Amino acid sequence: MCFETLLFDLDDTLYSSTSGIWEAIGDRMVDYMVTKLAIPESSAPAERERLFHTHGTTMRGLVAEYKIDEVDFLEYVHDISIDEYLSPNPAVRKMLETFPQRKVIFTNADTGHAIRVLKTLGVEDQFEQIIDIRSIKPWCKPQPEAFGKALKLAGIQNPAKCVMIDDSLRNLITAHELGLFTIQVGEKDVIPPVDAAILTIEELASVLIQSQKSYKGD
Ligand SMILES: [Mg+2]
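Residues numbered from 1 in each chain as written. Predicted model: local features only at pLDDT ≥ 70, side-chain atom pairs only at ≥ 80, totals over all residues.

Caption draft 1: Up close: the overall build of the chain. A tally of helices and strands in the chain yields nine helices and six strands. A globule of 218 residues ought to have a C-alpha radius of gyration of about 17 Å, and the chain, at 17 Å, matches this closely. Taking the principal axes of its C-alpha atoms as reference, the chain extends roughly 55 × 35 × 30 Å. Relative to its full complement of 218 residues, the chain shows a buried share of 35%. For the chain, the proportion of contacts with a sequence separation of at least 24, taken over those separated by at least 6, is 58%. (Helix = DSSP H or I, 4+ residues; strand = E, 2+ residues; numbered from the N terminus. Rg over C-alpha atoms; globule rule 2.2 N^0.38 Å. Buried ≥ 20, exposed ≤ 12 C-beta atoms within 10 Å, placed from the backbone. Contact = placed C-beta atoms within 7 Å.)

Caption draft 2: Expanded view of the packing of helix α1 (residues 21–37) against helix α4 (residues 70–77). Relative to each other, α1 and α4 sit at 130°, their axes nearing to 8 Å. As far as their axial angle goes, α4 and α1 are oblique. By crossing handedness, the relation of α1 to α4 is classed as right-handed. Packed against α1, whose contacting residues are Ile-25, Arg-28, Met-29 and Tyr-32, the element α4 presents Phe-73, Tyr-76 and Val-77 at the interface. Split by residue class, the contact of α1 with α4 holds six nonpolar, no polar and one charged. (Axes fitted to C-alpha atoms, helices over the stretch in contact; angles between N-to-C directions. Parallel < 35°, antiparallel > 145°, perpendicular 65-115°, else oblique. Left-handed = near helix turned anticlockwise from the far one by under 90°. Nonpolar A, V, L, I, M, F, W, Y, C, P; charged D, E, K, R; others polar.)

Caption draft 3: Broad picture of helix α2 (residues 44–55). An ideal rise of 1.5 Å per residue puts 16 Å on twelve residues; α2 measures up with 16 Å between its terminal C-alpha atoms. Following α2 by one or two positions, Gly-56 has its phi on the positive side, about 100°. (Expected span 1.5 Å × (residues − 1).)

Caption draft 4: A look at the nonpolar core. Among the nonpolar cores identified, the biggest contains 52 residues, and Leu-7, Phe-8, Ile-105, Val-117, Leu-121, Val-163 and Ile-165 are the most heavily contacted of them. Per-domain counts for this core show at least three residues from each of domain 1 (5–17 + 87–214) and domain 2 (21–77). Sequence-distant contacts of Leu-7, defined by excluding residues within four places in its chain, comprise Val-104, Phe-106, Cys-162, Val-163, Met-164 and Ile-165. (Core = buried A, V, L, I, M, F, W, Y, C linked by C-beta atoms within 7 Å. Domains from an automatic or database assignment.)

Caption draft 5: Seen up close, the domain arrangement of the chain. The domains assigned to the chain are domain 1 (5–17 + 87–214) and domain 2 (21–77). Domain 1 and domain 2 are separated by 25 Å when their C-alpha centres are compared. A class-by-class count of the residues in the side of domain 1 that touches domain 2 yields three nonpolar, three polar and three charged.

Caption draft 6: How the structure looks around the environment of Ile-130. One can find Ile-130 in strand β3 (residues 129–131). For the pair Ile-130 and Leu-7, spaced 123 residues apart in sequence, the C-alpha to C-alpha distance is 9.6 Å. Contact partners of Ile-130, with chain neighbours within four places excluded, come to Ile-105, Thr-111 and Ala-114.

In structure tokens form, the structure reads like this:
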């Protein structure tokens, strides 16, 4: 079995979950709900949680229940200085350069944010495609329809030759059900049904080589 395509989540996958970016974006989401939708500051964080769990992402929830404009929302919440949180990562760049597979970003964020993150990490040119929240509309990860659309957009015929690398267990569960090989970032131990686990993205090369050798999906 040879893996042909590597699908990478972006946030908390290509960089550490301790970077503070997700918290900063989360704060902007709450801020948006308070200032633009007049949701009380005291209940906005809980409302955000509820929307996230009900609809897959906060944005999808706000579109469905509050009829917000998604472009306006995405611009607002991603208006943070990425370089305050991230810096170039030459080690990851070097590792990505060694992979012969096609590398594609598949994220619930938007392309503008993805490009800013990739540029700051110094790996933007390593990815041939970005599949973002707008390209999988009206779905989002972990919905199977979102994966179906992403596989189509990436031109993937055989999901078994595709690897999904993500920090989110719920995203990986769907990917696994659809036949992709799954690697969770940010976990020391493998949580079934996920196929492999790495603590940081820097460990990807070794687990990928090992998995490719032992993978029985052929
Ligand atoms: Mg993530």
